[in-house]
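Coordinate analysis (summary)
The primary structure of each chain is shown beneath.
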Amino acid sequence: MTGADGIALLPLIVLAGTSVLVMVGIAVRRSHRFTLGLTLAGLTAAFGSLWIAAPLAPRQVTPLLVIDHYALFYFGLLIAGGFAVALLAYDYLAKVDINREELYLLLLIATTGGAILVASSHFASFFLGLEMLSVSLYAMVAYLHPRRQPLEAGIKYLILAAASAAFLLFGMALVYAGLGTMEFGRMAHMLETGNNVMLISGLALIITGIGFKLAVVPFHLWTPDVYEGAPAPVTAFIATVSKGAMFALLLRYFYRSGAATNHRIRLVFIIIAIASMLAGNLLALLQSNVKRILAYSSIAHMGYLLVAFLASGELAVEAVTFYLVAYFITTLGAFGVVSALSTHDREAEDIDDYHALFCRRPALAGVFTLMLLSLAGIPVTAGFIGKFYIVVAGASSAMWALVIILVVSSVIGLFYYLRIVAAMYASPERDAIETGSRISAASGAVLYMLAVLLVWFGIYPEPLLRLIRTVLRA
Amino acid sequence: MILLCLIAILFIAGILAWLAARWSAAAARWIALAATAADFIIDLIVWLRHYGEISLLPHNRWIEELDWNWIPRFGIHFHLAMDGLSLLLLMLTFFLGIVSVLVSWNEIKERIGFFHLNLLWVLAGITGVFLALDLFLFYFAWELMLVPMYFLIALWGHERRQYASVKFFIFTQLSGLLMLIAILALYFTHHAATRVYTFEYEQLLGTPLSSSSAWWMMLGFFVAFAVKLPVVPLHTWLPDAHTEAPTAGSVVLAGLLLKTGAYGMLRFVVPLFPDAARQFAPIAMVLAVIGILYGGLLAFGQSDFKRLVAYTSVSHLGFVLLGIFAWNQLTLQGALITMIAHGISTGALFVIAGLLQERMHTREMGRMSGLWSTAPRLSGAALFFALGSLGLPGLGDFVGEFLVLLGTYRVSLILTLFATIGVLIATFYALRLVQRAFHGPNFHDWKLADLNKREAFILMPMIVVLLWIGLYPLPLLNTFRPAMERLQQAANSMAALRR
C-alpha cells in the first residue's frame, strides 16, 4: 500500500478514526453535546477529504476496494445522510432518559460500513462492510432498550439479518466455487460462459441477501416492524444510509460482473420490482401508523429504483443516483418530522398525532407536506424529477409494462399520502388546540435545509444532474 | 418577459397573501385581488396593443415568447409563448380569477392566507398550462395546478369534501401520468428519427410516426384531456368535485380547469397526431354527443343546485369536444366561443349558488321556491345566466353552440341531430332550475338579503361580457383566427409529411 493509496482511502480513514475518537471521548467525558460536536466535526472532515481523494480517482486500492468517482459521490451522500441523522438524533435523545452518547459511535461505525460497501469490488469487502453496517444497526434499533418495542424490533432485525447474511455467504461461496474468483471485475466474461446451476443458484442467494437489506418483496417482512419499533432517527438511518449503500453496491456488483444482462437474473429482478411496487403501495393502504405507512412506501420506492436499475445504459445509473439523492432528502425529512414530534415517552406514529398539525405546528406540517408530495412525485419537489428520471430510463429501454405498473402503483400510493396530508390540514377540535413546543434548533435546521434542497432540486435540478453525469462519466 | 411576469405575479402574490394574513385578513384579500387584476390588465394591454396586427402575424410568429434553457440534460426548455388562443383563455383565467377572489370575500373565514395562496397558485398553474410550449413544462404546470386545487376542495369544501378531493386528485393524476408516458414515447421516437432530444412542441410536430404508435400516443394524451374536459365515461369526478368545492373552487374548476382539457385537445392531440385523431374523430364525436345528452338528462334530474350546474358542464363541454374533432373553421371557432361563454355563464351560476348557500345554508332546490319575491335582483341575475346556459340567442353560449352545430352538419347529419336535441334538453333543465328555485310562492318564508354592492359588482361584468360575446363576437374570432389557422396548418402538413 503506497501513500497515494492512503490518500485515496482518506475519507474512510477519517470516518474510522472519528469512531475511535468518539469512543475515547465518551470514556473520558460523558457529554451529549460534546459527543455530537465530535461526530459532526468528524463527518465534516470526512466530507471535506472527498476533495483530497478525488484527484486520485479512479484507483484500485488492494483488490478489495476501488475508490472511483462513483464511490466518492456515494461517500458524500452517506456522510451527509449520517450528518442529518446525527442532528435529528440529538434532539430526539435529549428528550429521553438514557445513555445517549453511544448512539453516535454506532452511527459512525455504520456509516463507515456503508462507505465500505459502496467502494467494495470484492466479496470480502462486500461482506465486511455489510456486517459492520448490520451489527451496529442491531444495537441502534434496540437503543431505547427500556421500552419493549425497540427491543423486539432489534431482536427481529438481528435474527433475520443474520439469516440473510448466511444466505449471502453461501451464495458467495457458490459463485467462488464456480468461478474461482471473488473480484467483481473478473467475473464479467465468466458469467457469460459459465451458465451452470451452481452460478445461478449462487447469484440467487446473493440476491436474497441484498434483497433483504433493501427490503424488497418477498424479503420485506421485517420492514414495518423494525421501522415502527426503532427510534425515529434510526429508522431514518435504516431507510436512507443502509438502503442507499446497498443499492449502490447492487448497481456496481451487477453491472461490473455482467450479471445484470443475464436474462434469468433480469427476470428475477423484474418480478421483484413489480411485486415490490404493487405490494408496497397496496399494503400501505391498510395501515394507520405513519411509520408503518412510510415503511411500506419505502418498499414501493425500492421497486421504482429497480425499474431504473433494469433499464440499461448510463441513463439507468444516473436515474438511480438522482432518485437516491431525492429519496435521501425526502425520507430524512419525513422521519425527521416524526422524530421532532416525538415526546419523552412515545413516538408520534399514529395518524391521529398528525390531526390538525397545520394549526398546531405549521412549519412542521409544511415540511411534512412537501416530503409526502415528493414521495408521491408531485412537481416542484425533487421526488417528481426523480420519478420522471426513472420513467425516462424505463421508456428509453422500452420497458412499457414496467413503466405502466410504476405509474399505476404510484397512483395507488397517492391515497395514503393524501390521507396523512388531509389529516394534517383538518380543522382542530375546539378543545384540543395546544400549540406544541417550538421546534428545536438542530432538527429545525436539518428540516428547513432538507425542504430547501427538495424544492431546489425540484425546480432547478440541472446542477445536480451535471454533477452526477460528470461523476459517472469519469 | 411579460409571460413570465404573468405567472410570477400570481406566484409571488400567493406567498405575500399567505404572510400578510397573519396580521390582517383583509390585506390577504386585497393582495390577491390586486394580483389577479394586474394580470388581467397586463393581458388586456397585450391584446389591445397587438389587436391590429394579430391577424397579420405570419404563421411562425407568436405574439409574445420566452425561451430559456432549463434542464439541458433532457433538452428541456422553459419555453412560454402566447398566440390568440392562449391570449383569450388567459383573459378568461384572470377575469374568473378576480371573480373568485371577490366571491370568497365573505365566504372564506378560516385560514384565509392559505386559501389565497392556493387560489393564486392554481391560477398560476393554469396560466402555465395555457402558455407552455415545451411538453415537459406543460406537464409540470399540468400537475402543478392539481395540488392547490386539491387543497381548495379538501380544506374549504362542503360536507363530503374528503371523498371529492381525493377522487379528483386520483383521476387527474392517473390520467396525467398516462400523458407523461405518451410524451416520453413521442420524445424517444423523435430522438430515434432525428438524434435530437427535445420536448419542444414545434419540433415534435414534425415527428414521423408509424400509425399504430401514433394511435397509442394520441390515446395517452386524449385520456388526460378527456378526464379534465370531461368526456362521458371519465366524468364521474366532476359532479362531486364541483358540488363539494367552495364557490371560488367551483368557479375555477368549471370555468378554467375544464378548459385546460379542451385547450390540450386543440393544441396537442390533433396537431401532433392528425392521422390518428382523424381516425379517432368518429368515436370522439359520438362520445361528445353522448356527453351532451347524458349531461343534460342528469342535470334535469338533480335537486342540488350546484350538482345541476355541474352536470350542465358535462353537456356544454360535449359541444366543445364535438367542435374540436369535427375540425373545420366553423366548429373550431364555435368550440372556442363555447369555452369562453361557458366559463362565464357557468361560473356565474356557481357564484349564484354560492350566494344562495351563504344566505340559506342549503343547496337543495326543494327547500327553495319563490325567491324572486324576496331577492329580485339575485333571481334576475340567475334567470339571465340560466338563459345564457340554455343557449338563448344574443348571449355567448348560443353563438358557440350554433357555430359548432353548423360546422358539424357538414360532417355528420345524425350527430348534429342528436346534439341539437341536447340544446332542447338544456331548455328544460335551465327553466326547471329557475322555476323551482325562484318562481312560485315563497313557501318557506325566506327573507333573504338581495345582492349587495360587491356581489353586484361581481355579476354585472359577467352579464356585460356574456352579452358582448353574444352580440359581437368578432374581436374574439379575429384574435383566434391566426392561431386556429396555424393549428390547422400544422395538422395538415403533418398529415402530408407522414403520408
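Residues numbered from 1 in each chain as written. Chains lettered and ligands numbered in written order. Predicted model: local features only at pLDDT ≥ 70, side-chain atom pairs only at ≥ 80, totals over all residues.

Helix and strand content of chain A: 20 helices and two strands. Relative to the 2.2 N^0.38 estimate, which gives 23 Å for 474 residues, the radius of gyration of chain A is 21 Å and therefore close to what a compact globule would have. In chain A, which comprises 474 residues, the proportion classed as buried is 58%. When contacts within chain A are restricted to residue pairs at least 6 apart in sequence, those whose partners lie at least 24 apart make up 79%. (Helix = DSSP H or I, 4+ residues; strand = E, 2+ residues; numbered from the N terminus. Rg over C-alpha atoms; globule rule 2.2 N^0.38 Å. Buried ≥ 20, exposed ≤ 12 C-beta atoms within 10 Å, placed from the backbone. Contact = placed C-beta atoms within 7 Å.)

The helix and strand inventory of chain B stands at 20 helices and two strands. The C-alpha radius of gyration computed for chain B amounts to 22 Å, which stays within 12% of the reference 23 Å derived for 499 residues, consistent with globular compactness. Considering only C-alpha atoms, chain B reaches an extent of 70 × 60 × 45 Å along its principal axes. Residue burial in chain B is summarised as follows: out of 499 residues, 61% are buried. For chain B, restricting intrachain contacts to residue pairs at least 6 apart in sequence, the fraction spanning at least 24 positions comes to 81%.

Here the focus is the interface of chain A and chain B. Contact residues are listed per partner, giving 22 residues for chain A and 23 residues for chain B. Looking at the side of chain A that touches chain B, the elements with two or more residues in it are helix 17 (382–396), helix 18 (400–425) and helix 20 (462–473) of chain A. Here the side of chain A that touches chain B is composed, by residue class, of 18 nonpolar, two polar and two charged. (Nonpolar A, V, L, I, M, F, W, Y, C, P; charged D, E, K, R; others polar.)

The next thing to look at is the packing of helix 4 (residues 112–131) of chain B against helix 11 (residues 247–272) of chain B. Residues and elements named next belong to chain B. The geometry of helix 4 relative to helix 11 is characterised by a closest axis approach of 10 Å and an angle of 15° between their N-to-C directions. Put simply, helix 4 runs roughly parallel to helix 11. Regarding helix 4 and helix 11, the two cross each other, and that crossing is left-handed. Across the interface between the two elements, Leu 119, Val 122, Ile 126, Val 129 and Phe 130 from helix 4 touch Ala 248, Val 252, Leu 256, Thr 260 and Tyr 263 from helix 11. (Axes fitted to C-alpha atoms, helices over the stretch in contact; angles between N-to-C directions. Parallel < 35°, antiparallel > 145°, perpendicular 65-115°, else oblique. Left-handed = near helix turned anticlockwise from the far one by under 90°.)

Time to look at the environment of Thr 44 of chain A. Of note, Thr 44 of chain A is situated in helix 3 (residues 32–53). Once the C-alpha coordinates of Thr 44 of chain A and Phe 83 of chain A are considered, the two residues, 39 residues apart in sequence, prove to be 8.1 Å apart.

Attention shifts here to helix 9 (residues 211–228) of chain B. Residue and element names in this part refer to chain B. The terminal C-alpha atoms of helix 9 lie 26 Å apart, and with 18 residues this matches the ideal 26 Å at 1.5 Å per residue to within 8%. Residues of helix 9 that are buried: Ala 214, Met 217, Met 218, Gly 220, Phe 221, Phe 222, Ala 224, Phe 225, Ala 226, Val 227 and Lys 228. In this fold, the buried residues of helix 9 make contact with helix 7 (161–194), helix 11 and helix 12 (274–301). (Expected span 1.5 Å × (residues − 1).)

This brings us to the pairing of strand 1 (residues 64–71) of chain B. In the case of a regular strand, side chains alternate between the two sheet surfaces. Residues and elements named next belong to chain B. Looking at chain direction, strand 1 and strand 2 (residues 76–82) are connected through seven bridges and run antiparallel. Bridge assignment links Ile 71 to a residue of strand 2, and that residue is Ile 76. Linking strand 1 back to strand 2 in an antiparallel pair, the connection comprises four residues, with Gly 75 at a positive phi of about 70°. (Pairing = 2+ DSSP bridges.)

What follows covers the environment of Asp 240 of chain B. Residue and element names in this part refer to chain B. Here Asp 240 shows up in helix 10 (residues 237–244). The class for Asp 240 is buried, based on 21 C-beta atoms found within 10 Å. Asp 240 sits 70 residues away from Ala 310 along the chain, and the two C-alpha atoms are 8.6 Å apart. Contact partners of Asp 240, with chain neighbours within four places excluded, come to Tyr 163, Ala 164 and Lys 167.

This part covers the packing of helix 14 (residues 329–360) of chain B against helix 16 (residues 376–390) of chain B. Residue and element names in this part refer to chain B. For the pair helix 14 and helix 16, interaxial distance at closest approach is 9 Å and the crossing angle is 150°. With respect to their mutual orientation, helix 14 and helix 16 come out roughly antiparallel. Helix-helix and strand crossings are classified by hand; for helix 14 and helix 16 the assignment is left-handed. Contacts between helix 14 and helix 16 involve Ser 345, Thr 346, Ala 348, Leu 349, Ile 352 and Leu 355 from the first element and Leu 378, Ala 381, Ala 382, Phe 385, Gly 388 and Ser 389 from the second. Here the contact of helix 14 with helix 16 is built from residues that sort into eight nonpolar, four polar and no charged.

For chain B, the mean per-residue pLDDT works out to 89, and 98% of the residues sit at or above 70. Per the prediction output, this complex has pTM 0.91; the corresponding ipTM is 0.88. (pLDDT = per-residue confidence, 0-100.)

Taking 1.5 Å as the rise per residue, helix 14 of chain B with 32 residues should run 46 Å; its terminal C-alpha atoms sit 46 Å apart, in good agreement. Among the residues trailing helix 14 of chain B, His 361 of chain B stands out with phi positive, at a value near 60°.

It is worth spelling out unusual backbone geometry at this point. A cis amide bond links Val 217 of chain A with the next residue in sequence, Pro 218 of chain A, at an omega value of 5°. Leu 229 of chain B connects to Pro 230 of chain B through a cis peptide bond whose omega is -5°. Tracing the backbone shows Pro 230 of chain B in the loop between helix 9 and helix 10. One non-glycine residue, Thr 62 of chain A, lies in the positive phi region at around 55°. Residue position: Thr 62 of chain A is located in the loop between strand 1 (59–61) and strand 2 (65–67).

Before going further, it helps to examine the environment of Leu 221 of chain A. By secondary structure assignment, the location of Leu 221 of chain A is in the loop between helix 9 (197–214) and helix 10 (223–229). Separated by 34 residues in the primary sequence, Leu 221 of chain A and Tyr 255 of chain A have C-alpha atoms spaced 27 Å apart.

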